[in-house]
Amino acid sequence: MLFTVLAGLITSSLLIPFGKLIKTKWSILLPFIPVVLFLFYVMHVPSIAEGTNFVQRVNWVPSLGVNLDFRLDGLSLLFALLITGVGTAIFFYGRTYLKGHIYFDRFFGYLLLFMSAMLGVVLADNILTLFIFWELTSISSFFLIGFNNDDKSSRDSALTALSITGLGGFFLLAGLILAGNIAGTFVISELFMKHEVLTIHPLYPLIIGLLFIGAFTKSAQFPFHFWLPGAMKAPTPVSAYLHSATMVKAGIYLLARFTPILGGTDLWSISLMVVGGFTMIFAAVHALFRIDLKGILAYSTISALGVLTFLLGLGTPAAIIAASVFILVHALYKATLFMVTGIIDHETHTRDISVLSGLRKVLPPVFVAALLAALSSAGLPLTFGFIGKDLIYEATLHFNENWTIWLTLLAVLTNVGLVAAGFMAGIKPFAGKLPSAFSNIHLPYPSLWIPPLVLAIFGLAFGLVPGIIGNYFNHQTANAIAGIETDMHLKIWHGFNLVLILSMATLLAGTLLYVVNKPSSSKLQMLARFDGLSPQAIFRRLARGLKDFALFFTRRFHNGYLRAYHLKIILFAELLLAYKLWLSGPISIDFDSLTPLSWYEVVIVAILIGALYIIVSAKSRLASVVSTSVIGYCMCLMFVFYSAPDLAMTQFTIDTLTTVLFVLVLYKLPGFINFTSKTVLMRDALVALGFGAILSLIALRVLFEPNTTEISNFYGENAYLLAKGKNVVNVILVDFRVADTLFETVVLSIAALGVYSLIRLRLKSSEKE
Amino acid sequence: MKSAILQTATRYLLPILLLFSFFLLLRGHYFPGGGFVGGLVASIAFVLHSLANGTASTMKILGYKPISLIPIGLAISTVSIMLPMLFNLPPMTGLWFEEPIPVIGMIGSALFFDLGVYLVVIGVVLTILFTIALDE
């Protein structure tokens, strides 16, 4: 399984050197990546259907518990098939859709990256691996939404999507780590056994809260839904792939995956039911007001994701069966509708449904695809959508008796909205008279309309043989979500019962709503009046507040004067150290245990104080700098007295060079004028004296700490034995801690490059003038 | 700063200081010294020369820009760290010749690592100082 995840990543990086090549006819190779992966997963269908699971473990960072563990069960397989199957359609479609685009190679690079990441998410058997791939999907989505990077609204939408999903990612990470630590394992298949431990733990509400935020942001649940309509700025193949069929379902996948681990409690069910229920009805209503095809589809996608969340919240076997089927149903018809929208946009250059009509005459095969998808979305008998809708009603009707009516009503209302939205997107542009403006439109390349047609036909074919499909694809999915045998038998005809009546009523009401509802831009503007109350506006305000605060903070604390920075840093350190000293209690100094003062030490201290006086009072910078180096040399002498020759040597040479550097820089500065007033001088003196006093106290305190010399003993004993050196300092530098030294030299090198390039760059630009 | 005495002195001091710096580098594993201090002393030798004769003439002696010493040094250090992997040992393992070499003494991968540090330090110090000194 590892290769399926890596295939996309590797190809994606190969596109950097071979980008030019792939823009030519060699681009035909691209779709074969998802094709191969799809076939790989199709081969696994029979054995998974029998209940086998496949596991592959690769050590990655075992010391942190992060391993590339992959596990293929019913749930993973359904998603893997969706990712690679819809991916195949999208790759063929996108190749034609973006033909000749200057960033063609980049587009497929991102798309491959996304495909790999998404496969990683659904296959990962380690929650930290899952998280890494989860973040990768957010990042690739960011690049794809902002693909038209010269359009400001595109960039803004990309940023909104990234901030919402990225923010959710942080919460998710916290939740996952918390769960992993409590359970004592990061391996998902081991977590299944920890259901008891986790659900009774006092932190359980926090864990699922964090997990929910992660899932809701990704799957666009209210109040985080607003990034998804914005994400429609991406090229249509991306909307079809990421923002309807796969990525947005990652949140659903997460909830489904964790249902057997964290689910089954009231808190879990009720939260999901409330959020999912509200999202599905809210978005279904919103979809009806849209006039942009992509807007309709975006909101109906949010609504469908709400349905899935809602079903997972119900949590009964019937609801889980419904969810596992609806995932497939929705992916098939929604991807089709998006691709159809793409074709319409491509040919007519508009997506406004109040303008579009009669396109069935010029784009017949596209119409067939759209019609099939719209009917499946409406749940017409014999389509796969019919099965999905039946199962949803089945689930709500057989829930807790007190709630049955309300839940069913909610589901019916949502579905009515979805039916109408499906018709608006799938039928409206094709119905009616063909305006003369569109009469010279002709059918695009087959590679553009075959993929949606194929998906749409699947949506029909699956509905004709639901037993087989359910058996092979959804049964084990439902089992994996429920954690128990769900006993799934999908049938076309359940007999004449309440579910069928509801289903027909939904279809009828939806059709009626479609006929009556005339979305227009004036209605949309009416809706826009409430924008100030929307979560989007609230998030905007929050973001703006953060920006204002950052500006205020920067102006207050980063005023650009080096002396101001020094003052703040030193003051802060003083406070911190003083607090710590105060915590550690009174200091008692036993002066008898100190080594007696010798005359040469007295001499050095006298020189030190003299040099200090000169530094503070000198009228020229040069005198100050030279006095500073006098202090440095005095230190060297101290090191020599206390037998640290290596330190002394280094300090000595460094001090010399620093002085030279100072002189070189000072030479270029303008003359020294003293701006400092008496009060400022006093303040600085106080800060400096305080710092000195605190450090002296710390030094004295350290002397009376119990002396632990384990480390120095270890180095002292082992320097020669292990590293064949007698100079312990050097042995530590070049052997025991060689990695540190290497990176320190790298840091030095970067500093040198920085100085070099800064100064050279300025020279170059002044040369130009 | 044109001083005939200093100019004449540096003519002899430069090679002596360089020799001394190399001496520090070699003895580092057993006595006070090492690549870092050695590199600093060597840099001081060149800086002294540049103070006496002007940076341009020091650059002439160096032949190459000092910045080119940085990648060379980093490469030597990295190679000395990776070398044990050729012998199926984990990276950063110390490798040593069995017998000491006359004059130099024991030679091991640590010495080459130190040599890398030595070159990087010279490169970094001279790059920073000379870039600033030459900036008009």
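Residues numbered from 1 in each chain as written. Chains lettered and ligands numbered in written order. Predicted model: local features only at pLDDT ≥ 70, side-chain atom pairs only at ≥ 80, totals over all residues. Heavy atoms only, no water.

Explain the overall build of chain A to me, please; I cannot follow it from the model alone.
Each helix and strand in chain A was counted, giving 31 helices and 2 strands. With respect to the principal axes defined by its C-alpha atoms, chain A has extents near 110 × 65 × 50 Å. Across the 769 residues of chain A, 50% fall into the buried class. Taking all contacts inside chain A whose residues are at least 6 apart in sequence as the whole, residues at least 24 apart take part in 78%. (Helix = DSSP H or I, 4+ residues; strand = E, 2+ residues; numbered from the N terminus. Buried < 20%, exposed > 50% of the residue type's maximum accessible area, 1.4 Å probe, protein only. Contact = heavy atoms within 4.5 Å.)

Got a minute to help me understand a nonpolar patch on the surface in this structure?
Residue and element names in this part refer to chain A. A cluster of nonpolar side chains, contributed by Leu6, Ile10, Leu14, Phe18, Leu21, Trp26, Ile28, Leu29 and Phe32, occupies part of the molecular surface with about 830 Å² of accessible area. Counting residues per element, the nonpolar patch draws most heavily on helix α1 (residues 2-22), which supplies 5 residues. Within the fold, Phe32 resides in helix α2 (residues 32-49). Of the residues examined, Phe32 reaches a relative accessible area of 42% and is grouped as partly exposed. (Patch = residues over 30% accessible without salt bridge, like charges linked within 9 Å, V, L, I, M, F, W, Y side chains within 5 Å. Areas by Shrake-Rupley, 256 points an atom, 1.4 Å probe, with all protein chains shown as cover. Salt bridge = Lys/Arg side-chain N within 4 Å of Asp/Glu carboxyl O.)

Which parts of the structure should I look at to understand the interface of chain A and chain B?
The figure often quoted for interface size is the accessible area lost as the parts come together. Every contact between the two is made by 40 residues of chain A and, on the other side, 40 residues of chain B. Both faces considered, chain A and chain B share a buried interface measuring about 3,600 Å² in area, 77% of it formed by carbon and sulfur atoms. Summed over the three residues of chain A that lose the most area to chain B, namely Leu657, Lys724 and Tyr756 of chain A, the buried surface amounts to 15% of that side. Summed over the shared surface of chain A and chain B, the result is 0 salt bridges. (Buried area = accessible area lost by both parts, 1.4 Å probe.)

How should helix α30 (residues 728-736) of chain A be read in this particular structure?
Residues separated by three or four positions in an α-helix point in the same direction, a consequence of the helix having 3.6 residues per turn. By the burial criterion, the buried members of α30 of chain A are Asn730, Val731, Val734 and Asp735 of chain A. Each buried residue of α30 of chain A lies within a common arc of 100 degrees when the element is viewed along its axis, so the set occupies one face. (Arc of directions from axis to C-beta.)

Explain the packing of aromatic side chains here, please?
The description of an aromatic ring pair uses the distance of the two centres, along with the angle that the planes make with each other. Residue and element names in this part refer to chain A. Counted by the stated rule, this structure contains 33 aromatic pairs over all chains. A connected cluster of aromatic rings, assembled from ring pairs, spans Phe91, Tyr103, Phe104, Phe107, Phe108 and Phe147. Just above the ring of Tyr445 sits the side chain of Lys99; from NZ or CZ to the centre is 5.5 Å. Across from the ring centre of Trp134, 4.9 Å away, lies the NZ or CZ of Lys218, which sits over that ring. (Phe/Tyr/Trp six-rings, centres within 6.5 Å; stacked < 30°, edge-to-face > 60°. Lys NZ or Arg CZ within 6 Å of the ring centre and 35° of its normal.)

Looking at this structure, I do not really get the nonpolar core. What am I missing?
Looking at soluble globular proteins, one finds that nonpolar side chains tend to be buried together. All names here are of chain A. In this structure, Tyr41, Leu111, Tyr241, Leu262 and Trp268 are the most contacted members of the largest nonpolar core, which totals 193 residues. Among the elements that make up this core, the one with the highest residue count is helix α15 (residues 317-348) (20 residues). Setting aside residues no more than four positions away along its own chain, Tyr241 makes contact with Ile83, Val86, Gly87, Ile90, Phe91, Leu111, Phe114, Met115, Thr246 and Met247. (Core = buried A, V, L, I, M, F, W, Y, C linked by side-chain atoms within 4.5 Å.)

Whenever I open this one, the pairing of strand β2 (residues 66-72) of chain A confuses me. Can you help?
If a strand is regular, its side chains alternate between the two faces of the sheet. Residues and elements named next belong to chain A. With 7 of its 7 residues buried, β2 lies for the most part within the structure. In this structure, strand β1 (residues 54-61) lies alongside β2, joined through 6 bridges in antiparallel fashion. By the bridge assignment, Val61 is partnered in β2 with Val66. The turn linking β1 back onto β2 is made up of 4 residues, and Gly65 within it adopts a positive phi angle of 75 degrees. (Pairing = 2+ DSSP bridges.)

I tried to follow the pattern of salt bridges on my own but got confused; where do I start?
Pairing between side chains of opposite charge can happen when the charged atoms of each approach one another. All names here are of chain A. Counted by the stated rule, this structure contains 9 salt bridges over all chains. Arg683 is the salt-bridge partner of Asp684, the closest N and O atoms lying 3.2 Å from each other. You can call Asp684 partly exposed: its relative accessible area is 31%. Residues participating in the shared-partner salt-bridge network are Arg57, Asp69 and Asp125.

Just to check I follow, could you spell out unusual backbone geometry for this structure?
With the exception of glycine, the majority of residues adopt a negative phi angle, and the majority of peptide bonds are in the trans configuration. All names here are of chain A. Look at the link from Phe222 to Pro223: it is a cis peptide, with omega at 5 degrees. The residue Ala220 is not glycine, and still its phi comes out positive at about 55 degrees. Considering the arrangement of structural elements, one finds Ala220 in the loop between α9 (204-218) and α10 (227-231). Accessibility expressed as a relative area gives 0% for Ala220, which makes it buried. Positioned with a positive phi, Ser643 is a non-glycine residue whose angle comes to about 50 degrees. With respect to the helices, strands and loops of the structure, Ser643 is situated in the loop between α26 (621-641) and α27 (645-668).

Would you explain the domain arrangement of chain A in this entry?
Looking at the assigned domains, one finds that chain A contains domain 1 (265-519), domain 2 (520-558), domain 3 (559-721) and domain 4 (722-769). Between domain 1 of chain A and domain 3 of chain A, the C-alpha centre-to-centre distance is 73 Å. (Domains from an automatic or database assignment.)

Is there a simple way to explain a positive patch on the surface in this structure?
All names here are of chain A. Positive charge collects at one region of the surface, where Arg540, Arg541, Arg544 and Lys547 lie side by side. By secondary structure assignment, the location of Arg540 is in helix α23 (residues 535-557). By relative accessible area, which is 43% here, Arg540 ends up partly exposed. (Lys, Arg positive; Asp, Glu negative; His and termini not counted. Charge placed at Lys NZ, Arg CZ, Asp CG, Glu CD.)

Mind showing me how you'd approach the state of the cysteines here?
Disulfide: a covalent bond formed between the sulfur atoms of two cysteine residues. All names here are of chain A. Tallied over the entire structure, the rule returns 0 disulfides over all chains. No disulfide involves Cys634; its sulfur sits 8.8 Å from that of Cys636, the nearest cysteine. When its relative accessible area of 4% is taken as the criterion, Cys634 is described as buried. (Disulfide = S-S within 2.5 Å.)

Can you help me understand the environment of Thr408 of chain A in this one?
Residues and elements named next belong to chain A. Turning to its location among the elements, Thr408 is positioned in helix α18 (residues 404-426). Each C-alpha atom, one on Thr408 and one on Ala395, is 8.7 Å from the other, the two residues being 13 residues apart in sequence. Discounting chain neighbours no more than four positions away, the residues touching Thr408 are Thr396, Leu397 and Leu502.

Even after reading the chapter, I still don't get the confidence of the model for chain B, so can you show me in this structure?
Caution is warranted with low-pLDDT regions, since their predicted coordinates should not be read in detail. Counting all residues, the mean pLDDT for chain B is 86, and 97% of those residues have values of 70 or more. Across the assembled chains, the prediction reports ipTM 0.90 with pTM 0.72. (pLDDT = per-residue confidence, 0-100.)

Looking at this model, I keep getting lost on the side chain of Ser629 of chain A. Mind explaining?
Residue and element names in this part refer to chain A. In this fold, Ser629 is placed in helix α26. Given a relative accessible area of 7%, Ser629 falls into the buried group. A distance of 2.6 Å separates a polar atom in the side chain of Ser629 from the backbone oxygen of Val626. The residues touching Ser629, leaving out its near neighbours within four places in the chain, are Asp655 and Thr659. (Polar contact = N/O pair within 3.5 Å; in protein donor to acceptor, adjacent residues only side chain to side chain.)

Could you clarify how one ought to interpret the packing of helix α24 (residues 562-583) of chain A against helix α28 (residues 678-703) of chain A in this entry?
Each pair of packed helices gets described by two things: the angle between the helix axes and the distance between those axes. Residue and element names in this part refer to chain A. Closest axis-to-axis distance for the α24/α28 pair is 10 Å, and the angle between their directions is 40 degrees. Remark: the crossing between α24 and α28 carries left-handed chirality. Contacts between α24 and α28 involve Leu567, Ile570, Leu571, Ala573, Glu574, Leu577, Ala578 and Leu581 from the first element and Arg683, Asp684, Val687, Gly690, Phe691, Ile694, Leu695, Leu697, Ile698 and Arg701 from the second. Across the contact of α24 with α28, the residue classes break down as 13 nonpolar, 1 polar and 4 charged. (Axes fitted to C-alpha atoms, helices over the stretch in contact; angles between N-to-C directions. Left-handed = near helix turned anticlockwise from the far one by under 90°. Nonpolar A, V, L, I, M, F, W, Y, C, P; charged D, E, K, R; others polar.)

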